[in-house]
Amino acid sequence: MLPERRGGPVSGKKLIVEVAGIVEAPAAAVFDGLADALLPDGRRTGRFTVEDLPGHTSTVEVTDRAISFQGGWWYRGEWSVEPHPEGALLTHRVFNVAQWGRWGVPLANRFFIGFAGRTRKGFDENLAQLGRRLGCPARPV
């Protein structure tokens, strides 16, 4: 997926953190479960805007194997589901997509202290929850 900002393509994105896990279910079922969790309004295709917090919107992009949220001046989160010999590989990546002052994102956001650990913890909790909903084992890699 090509990230965009204000109608134009983002020239680059810098990976901040990546986490992944195996869900022992078919990739299509895992994607449907992920979409149910991330997109509770039922919309499952295309590009659209959502109000994810009061007064804050994000652009959402949905393809057959990925869901992305981009909002604020720097954030892009991408979730992808790929077939795996044991079921499906679920990967979550967070990118800095700031068009200006990219170097300042970590300095301007104190929450980056421990960000990778918090991202891993949240992902692991959501991975376990997804496995429970699908009735199958799920584990981080």
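Heads up: these notes are all about the structure in this document.

1. A few points about the sheet that holds strand β8 (residues 87–96)
- Strand order in the open sheet formed by seven strands is β4-β5-β6-β7-β8-β3-β9, and the pairing between neighbours is antiparallel. Since the sheet does not close on itself, it has two edges, and those belong to β4 (46–53) and β9 (138–140), each with one partner. Neighbour to neighbour, the strand axes of the sheet diverge by 20° on average, direction disregarded.
- Here seven bridges tie β4 to strand β5 (residues 56–62), and the two strands are oriented antiparallel to one another. Among the inter-strand pairings, arginine 47 is bridged to a residue of β5, identified as glutamate 61.
- Here helix α1 (residues 27–38) sits on the sheet and contacts β3 (14–23), β5, β6 (66–71), β7 (75–84) and β8; the angle it forms with β7, its principal contact strand, is near 155°.
- Of the strands in this sheet, β3, β8 and β9 are in contact with helix α3 (residues 115–134), which crosses β3 at around 25°.

2. Focus: the pattern of salt bridges
- Taken as a whole and judged by the stated rule, the model has 11 salt bridges.
- Arginine 93 is paired through a salt bridge with glutamate 18; the nearest N and O atoms lie 3.1 Å apart. Here arginine 93, found in strand β8, pairs with glutamate 18, found in strand β3; they are 75 residues apart in sequence, far enough to count as distant.
- Judged by relative accessible area, arginine 93 falls into the partly exposed class, the value being 24%.
- Under the relative-accessibility criterion, glutamate 18 is labelled partly exposed at 41%.

3. Looking at α1
- Between its first and last C-alpha atoms α1 spans 16 Å; for 12 residues at 1.5 Å apiece the expected length is 16 Å, and the two agree.
- Listed in full, the buried residues belonging to α1 are Ala27, Val30, Phe31, Gly33, Leu34 and Ala35.
- Summarising the contacts, the buried residues of α1 are in contact with β3, β5, β6, β7, β8 and α3.

Reading guide: rules and limits
- Residues numbered from 1 in each chain as written.
- Predicted model: local features only at pLDDT ≥ 70, side-chain atom pairs only at ≥ 80, totals over all residues.
- Heavy atoms only, no water.
- Pairing = 2+ DSSP bridges.
- Helix = DSSP H or I, 4+ residues; strand = E, 2+ residues; numbered from the N terminus.
- Axes fitted to C-alpha atoms, helices over the stretch in contact; angles between N-to-C directions.
- Contact = heavy atoms within 4.5 Å.
- Salt bridge = Lys/Arg side-chain N within 4 Å of Asp/Glu carboxyl O.
- Buried < 20%, exposed > 50% of the residue type's maximum accessible area, 1.4 Å probe, protein only.
- Expected span 1.5 Å × (residues − 1).

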